[in-house]
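# Analysis of the macromolecular model
Residues per chain are reported as follows:
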Amino acid sequence: MADTAPSIPRRSPLAGAADRLAAVTRASGGTVRLAELPFLAQVNVRLDAKGPAADAVGLALGLSLPLEPNTVVRTGELTALWLGPDEWLVVGAPDTQRDLEHRMRAAAGDEHVAVTDVSAQRTTLLVSGTRARDLLAHGCPLDLHPRNFGPGRCAQTMLARAQVVLVARDEPGAGFWVLVRSSFAGYLTDWLLDAAAEYVAEVSEGPYA
């Protein structure tokens, strides 16, 4: 007998905030852009960076795991973030986590490797626009000047007292990814919306308002 149970549509942690994020983006005139990137695949991998598994996993993914601290390697829809000397986060398109897990486990073979799907732990906020760095600087202790945290950099840090993984995207004008635990996503979104109000006010009070 066919399964006739109704499927429950997935709901992202910030589904209820989508309209508010879009409203601030419009009202700021593009000065800041805020949006959720829901359901990105996120797979944590731990292995010996100098062992054969590192090369094998890299070949299976089609990219080299970054070895320089706090850097990012991106190929197509895959992004690998350095989190520690033996730890990386591989981020991919929605619903690809099982494939990523399988490819990494198969490539590692009998080598000592830990591969964990953590996609449900976090959601991703996109913060871009000409004032994106200024907005994040309000609540982040890092020096976000481009010479210190330019494209291709990442860091585990705090933003408005929430632990996040911050990624400076390498495409022109792409801004930042803010990977935040789902339980803190609503709080952090409220903070970003409140901080972004400054730039909305700048637009509304400008010479052509």
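Residues numbered from 1 in each chain as written. Predicted model: local features only at pLDDT ≥ 70, side-chain atom pairs only at ≥ 80, totals over all residues. Heavy atoms only, no water.

### Observations concerning empty space enclosed by the protein
Inspection of every chain in the model, using the stated rule, returns one cavity of 30 Å³ or more. In this model, the largest cavity occupies a volume close to 30 Å³. Lining the largest cavity are Val72, Arg74, Thr79, Gly152, Val167, Ala168, Arg169 and Asp170. A class-by-class count of the residues in the lining of the largest cavity yields three nonpolar, two polar and three charged. (1 Å grid on protein atoms, 1.4 Å probe; cavity = no way out; pocket = protein on both sides within 12 Å on 5 of 7 lines; lining within 4 Å. Points joined across faces, edges and corners; volume = space filled by probe spheres on them. Nonpolar A, V, L, I, M, F, W, Y, C, P; charged D, E, K, R; others polar.)

### Things to note about the pattern of salt bridges
Using the criterion set out here, one finds eight salt bridges in the structure. Taking the shortest distance from any N to any O, the salt bridge between Asp190 and Arg20 comes out at 3.1 Å. With Asp190 in helix α5 (residues 182-204) and Arg20 in helix α1 (residues 18-27), this pair connects stretches of sequence that are 170 residues apart. The salt bridge involving Arg74 is made with Asp170; its shortest N-O contact spans 2.9 Å. Of the two residues, Arg74 is situated in strand β3 (residues 72-75) and Asp170 in the loop between β9 (162-168) and β10 (176-181); the sequence distance between them amounts to 96 residues. Among the residues examined, Asp170 registers a relative accessible area of 39% and is labelled partly exposed. (Salt bridge = Lys/Arg side-chain N within 4 Å of Asp/Glu carboxyl O. Helix = DSSP H or I, 4+ residues; strand = E, 2+ residues; numbered from the N terminus. Buried < 20%, exposed > 50% of the residue type's maximum accessible area, 1.4 Å probe, protein only.)

### As for the state of the cysteines
Throughout the structure, instances matching the rule amount to zero disulfides. There is no disulfide at Cys140, and the cysteine sulfur nearest it, in Cys154, is 13 Å away. For Cys140, a relative accessible area of 10% translates into the label buried. Here Cys154 falls in the buried class, since its relative accessible area comes to 1%. (Disulfide = S-S within 2.5 Å.)

### Looking at the nonpolar core
In terms of nonpolar packing, the biggest core is built from 29 residues, with Leu34, Leu135, Leu136, Val178 and Leu188 touching the most fellow members. Contributions of two or more residues to this core are made by α1, β7 (122-128), α4 (132-137), β8 (154-159), β9, β10 and α5. Of the residues forming this core, the biggest block, seven residues, is contributed by α5. When sequence neighbours within four positions are dropped, the list of residues in contact with Leu136 reads Val127, Leu144, Leu159, Leu166, Phe176, Val178 and Leu192. In terms of nonpolar packing, the next biggest core, distinct from the first, is built from 20 residues, Val43, Val45, Val90 and Val115 among them. (Core = buried A, V, L, I, M, F, W, Y, C linked by side-chain atoms within 4.5 Å. Contact = heavy atoms within 4.5 Å.)

### Quick word on the sheet that holds β7
Spatially, the five strands line up as an open sheet ordered β1-β7-β10-β9-β8, and their pairing is antiparallel. Of all strands in the sheet, those with a lone pairing partner are β1 (33-37) and β8, marking the two edges. Direction aside, the axes of adjacent strands within the sheet are offset by 30° on average. In terms of strand pairing, β8 meets β9 through six bridges, oriented antiparallel. Residue pairing in the sheet places Met158 in a bridge with Gln163 of β9. Contacting β1 and β7, α1 crosses the sheet at an angle of about 150° to β1. (Pairing = 2+ DSSP bridges. Axes fitted to C-alpha atoms, helices over the stretch in contact; angles between N-to-C directions.)

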